[in-house]
Amino acid sequence: MALVNAQTLKSELEMFDVPCQDEIVLDKMVEQCICSRIQADEMVLEWVAYSSTKNGLKLSMDTLEQFEHEVLNKKKSKPSFRKDDTHNRTRDIHSLQELIKAEEEEDNLLDSYSTPAKGSQKRALTTPEHPQSKRSAALLASPGLLLSPASFSPSATPSQKYSQRGGKGEVVVTFGAVQGTRWVGKRSPGAGVPLELLEGSEDSLSSSYKYMFQRLRDVRNVLTEKIEELGESLKSHFSIEEFSPVSLPAQDGITVLGQVCCDSNGKLNAQSVLLEAGPEQGGQQVPVDLSELNAYSLFPGQVVVMEGMNTTGRKLMASKLYEGVPLPFYTPEIKMEMDEVAEPVNVLVACGPYTPSNTLTFDPLLDLITVIVRDRPDVCLLLGPFVDSKHEQIEKAQVTETFEAIFSRCIESIVDGTKSVGCRLVFVPSQRDIHHHFIYPQPPFTLPNLSKDQAKRVSLVPDPCTLLIDGVTFGLTSTDILFHMGAEEISCGTGSDRFSRILKHILTQRSYYPLFPPVEDVNMDYEKFQCFAQMPLTPDVLIIPSELRYFVKDVVGCVCVNPGRLTKGQVGGTYSRLLIHRSTTSEDGKRESPCLAAQVVKI
């Protein structure tokens, strides 16, 4: 039971326009909630129903005592259906349905006494007086769209805020030559787009694995190898002769290599920066004074090279910071013939959750399927969560079907709903998918029930991964590394926006998750991380969804796209669409971006 406080009760009372400024009265109500073991919203509903029967009784200490005697005490003495009938036996589907029915009867009784709040989410009753809406009936009857909300949740009422959203189809971000661009796939359903994992299925994470067995020594080895590998690239790029040990006293300027870390468990700041060297440079930690640097951008786990003075061996006075170097872009082994003119490929990108936070109706997903059927993209990149562990009804265990069943039905609906389009579908798991392995790197989904025809169009890939789509490389990750690094990064005098700085760090650190230690939400397996979460090259397009604001940016030649989430709380969110073409080299030998145009659009 969630903790009830005076502020919660006050906001619930304000919803019903019941004035209450007396703190003593609110404290009394809190006490009654705790003693009667009821939530704030249920308490307020009981009071509103009671006061309505008493000709609008005012809220005071006397009336509260009267209310406790006449309503709450009787409620306590009633035999509780929930405790007596279902607590001591396994809650199968039938007992859950009985419980739901009993709750509905209670709610209907309350509703007959009380005036519903503004925007209250009342259950959709399908009786002759309250017929089912035409849209719901059509969806349930449709063999292609199997998303029957009533089977997921007892309170599967469509979200009013989502259905009443404004700006449907509004373009909120544009990139490239969007003027006159037709956002419709030109290829016929039979003509598939070449799509594969860049490193091949043998060298990619293709199945689940055992985790929670890593030793600290193994983690240390992975981090050491990362320092040495990035150190070698920095050494050759900046023509550095050799690195000095970080903690060795020296009267001359030295050049040191190491990993940025914090001197405590708190957030990194300019006074708490440590530089930790690899074993070859002594493996020591030394505090760093950043006051002489004109500009810097640092985060825990970043591998850097610094020049400075360390006269005592106890503190490094940094005078110069060397930026990391990104990997080269993809170059095809077989050059395309000039007369082989390929059409641009239309790619749609969407990231979950695919339901509003207050209901398990998949209306946003159905709207997305409608967009796919209308625009006929060649490839759809769909990132999780599909069954969101942070959803209100899943957190409160109000779901009457297994998570796997909800997921299977969701995927079947997408596959069947886009059958007429014939587009390639790519499904990327998320750390928030409650039915899937909660580990990073994350293995791909398994869908054993797909038919052979469906399996030809569907690609199940891990998180993270690098795809090759018609000669263009895509880096994909559903983990919110932007948000995680944004909370840890410190900067001074860089002159660039935060998104661009973080994206540049990801590309120059050559990893889909360069932060160390990772946030508590991410369970990292470092052995697999070393194999499957490093960038094999700089991708042409990096898809990096986040809770932060959507964008499309060109960072060191890589087009970085945050498509936003398809739903933001109870309201609609955004998705993205891109027009890509095989990369060509211009006459002067410079690389041209394969991303011709990109947009972020409101659902």
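These remarks concern the structure in this document. (Residues numbered from 1 in each chain as written. Predicted model: local features only at pLDDT ≥ 70, side-chain atom pairs only at ≥ 80, totals over all residues. Heavy atoms only, no water.)

### Focus: the packing of aromatic side chains
Here the structure, examined in full by the defined rule, presents 14 aromatic pairs. Relative to Tyr513, the ring of Tyr440 lies with its centre 5.6 Å away and its plane at 55 degrees, an arrangement referred to as tilted. Taken together, the residues span a long stretch of sequence, with Tyr440 in the loop between strand S11 (424–428) and helix H14 (452–457) and Tyr513 in the loop between helix H16 (498–508) and helix H17 (526–532) at a distance of 73 residues. Overall, the relative accessible area of 0% leaves Tyr440 in the buried class. We classify Tyr513 as buried; its relative accessible area is 1%. Taken together, a centroid distance of 5.5 Å and an interplanar angle of 70 degrees make the contact between Tyr526 and Phe529 edge-to-face. Linking Tyr526 with Phe529, this pair stays in helix H17, spanning 3 residues, or about one helical turn. A residue is classified by how much of its surface remains accessible, and Phe529, at 5% relative accessible area, is buried. Cation over ring: Arg165 sits above Tyr162, and NZ or CZ is 4.0 Å from the ring centre. (Phe/Tyr/Trp six-rings, centres within 6.5 Å; stacked < 30°, edge-to-face > 60°. Helix = DSSP H or I, 4+ residues; strand = E, 2+ residues; numbered from the N terminus. Buried < 20%, exposed > 50% of the residue type's maximum accessible area, 1.4 Å probe, protein only. Lys NZ or Arg CZ within 6 Å of the ring centre and 35° of its normal.)

### Observations regarding the pattern of salt bridges
The final tally for this structure, using the stated rule, is 19 salt bridges. The shortest N-O distance in the salt bridge between Lys28 and Glu31 comes to 3.9 Å. In this pair, Lys28 and Glu31 both sit in helix H2 (residues 23–36), 3 residues apart, roughly one turn of the helix. For Glu31, a relative accessible area of 44% translates into the label partly exposed. Between Asp367 and Arg165 there is a salt bridge, and its shortest N-O distance comes to 3.3 Å. Here Asp367 is found in helix H11 (residues 363–375), whereas its partner Arg165 is found in the loop between helix H9 (160–163) and strand S1 (171–176), with 202 residues between them in sequence. In this pair, the class of Asp367 matches that of Arg165, namely buried. Counted as one network, the salt bridges with shared partners bring together Asp388, Arg432, Glu547, Arg565 and Lys568. (Salt bridge = Lys/Arg side-chain N within 4 Å of Asp/Glu carboxyl O.)

### Topic: the sheet that holds S11
One key point about sheets: their strands pair by backbone hydrogen bonds, in either a parallel or an antiparallel sense. The mixed open sheet is built from 7 strands, whose spatial order is S1-S22-S21-S9-S10-S11-S12. Of all the strands in the sheet, just S1 and strand S12 (458–460) have a single pairing partner and so form its edges. If you compare each strand with its neighbour and ignore which way they point, the axes differ by 15 degrees on average. With 5 bridges joining them, strand S10 (residues 379–383) and S11 adopt parallel strand pairing. For Leu381, the partnering residue across the bridge sits in S11 and is Val426. Packed onto the sheet, helix H13 (residues 403–417) meets S10, S11 and S12 and runs at close to 160 degrees relative to S11. (Pairing = 2+ DSSP bridges. Axes fitted to C-alpha atoms, helices over the stretch in contact; angles between N-to-C directions. Contact = heavy atoms within 4.5 Å.)

Coordinates in, geometry out; function isn't part of it.
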